[in-house]
Each structure stands twice: as C-alpha cells, then as structure tokens.
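# Commentary on secondary and tertiary structure
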Amino acid sequence: TNEGLLHENDVRRLAGLGTFIRTAFADNIAPEAVITADSESEGCGICNTAEDSYDSFYMPASDKAVIGLKFGKPEQLGYLVIKENIRMSQRVESFSVDIGENGNYKEIYSGTVIGYKRIVPLGNIAADCLRIRITDSRTAPALSFIGVYRSGSHTIRN
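The notes below deal with the structure included here. The structure displayed is predicted, hence computed values, not measured ones.

### A closer look at the overall build of the protein
- Along its length, the protein carries 1 helix and 6 strands.
- For the protein, the sequential pattern of α-helices and β-strands runs α-β-β-β-β-β-β.
- For the C-alpha atoms alone, the extent of the protein along its principal axes is close to 60 × 35 × 25 Å.
- Across the 158 residues of the protein, 43% fall into the buried class.
- In the structure as shown, the protein presents an accessible area of about 8500 Å², 50% of it carried by carbon and sulfur atoms.

### Describing helix 1 (residues 8–24)
- Taking 1.5 Å per residue, 17 residues should reach 24 Å; helix 1 reaches 24 Å between its end C-alpha atoms and fits that length.
- Regarding helix 1, the residues found buried are Gly 16, Gly 18, Phe 20 and Ala 24.
- Where helix 1 is buried, its residues meet strand 2 (65–84) and strand 6 (143–150).

### Comments concerning the pairing of strand 3 (residues 92–101)
- Among the 10 residues in strand 3, 8 count as buried, and that is most of the element.
- Both strand 3 and strand 4 (residues 104–111) contribute to a ladder of 7 bridges, which runs antiparallel. Bridging across to strand 4, Ile 99 finds its partner in Lys 106.
- The hairpin formed by strand 3 and strand 4 contains 2 residues between the paired strands, and Asn 102 there has a positive phi angle of roughly 55°.

Rules behind the numbers
- Residues numbered from 1 in each chain as written.
- Predicted model: local features only at pLDDT ≥ 70, side-chain atom pairs only at ≥ 80, totals over all residues.
- Heavy atoms only, no water.
- Helix = DSSP H or I, 4+ residues; strand = E, 2+ residues; numbered from the N terminus.
- Buried < 20%, exposed > 50% of the residue type's maximum accessible area, 1.4 Å probe, protein only.
- Areas by Shrake-Rupley, 256 points an atom, 1.4 Å probe, with all protein chains shown as cover.
- Expected span 1.5 Å × (residues − 1).
- Contact = heavy atoms within 4.5 Å.
- Pairing = 2+ DSSP bridges.

Set out below in structure tokens:
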C-alpha cells in the first residue's frame, strides 16, 4: 500500500497459499510403498530416494530407468515430487508417469527436465501403483528424492 504495508487482500491470499502448501504436501505415502527400480548402480539404490537429502541418491546402471511404487491399497494421489541431485548436475531430459490398478498402467504425464524439483499434479486419481519412466537423460540420472502425496481437501480460498 501507499503506507508501505501489505494489503489485507494480499495477506489473506498468502495465508491461503500457505495453508494449501502445508495441506497438499502433508502426507507423503512413498515411504509406505514398495519401491523398485529396474536397475541400480552399486551403492546408489532406489531406497536412497526416501529421504530428501543430497547426501544419498538413486542412480540406475544406464541413462534410462523404470521406478515403481506399489501401495498396499488404492490411494487418492495428489502430487508426485521428484528431485535430482543437482550437485551432480541436471541430467534428466524426459520422463513419464504412469498410474495403475492391479498392474495395468496408463500414462498420465510426460515432461522434460526434472532439475532441482518437479511437482507433477496427479489429479486426485485413485491408484494402487505408480511408475516413473526416465526415458532420456544426458548420463545416468541421479535422483535424490521421490515423494507421492495423498490428496486431501486442499483448495486456495479467497
């Protein structure tokens, strides 16, 4: 405002955004899932993506990878968060995300780079499994974190 203060409408919108972010990313169900990868480099297993840290990471044996997450039951999926270990450079050039029910998959998203962090909206789809396919990368990708967030009642309110 002219007085150097934030307008009350802006304060309300920012508070709503904060509530949305805290709610949408509150319930990471990836640690509860059975997570698999089609290949792993020695000492760089897929289990290293459970913690959001650059100190450990997953690296496949080639420049492509298929990562699967199997949940114990169908879940309402809100968002997928993937992070590359950016200390080792941005490597992923393209990837796809599939959701499945009883092992039958359907592609729901394809994208280019992941970089520091890619948030993929999953549209509150019910599924018991999710698959990430790294389809092209400059060299073997190094993923530092994978999170799958259960959808909740999160909307931005005015």
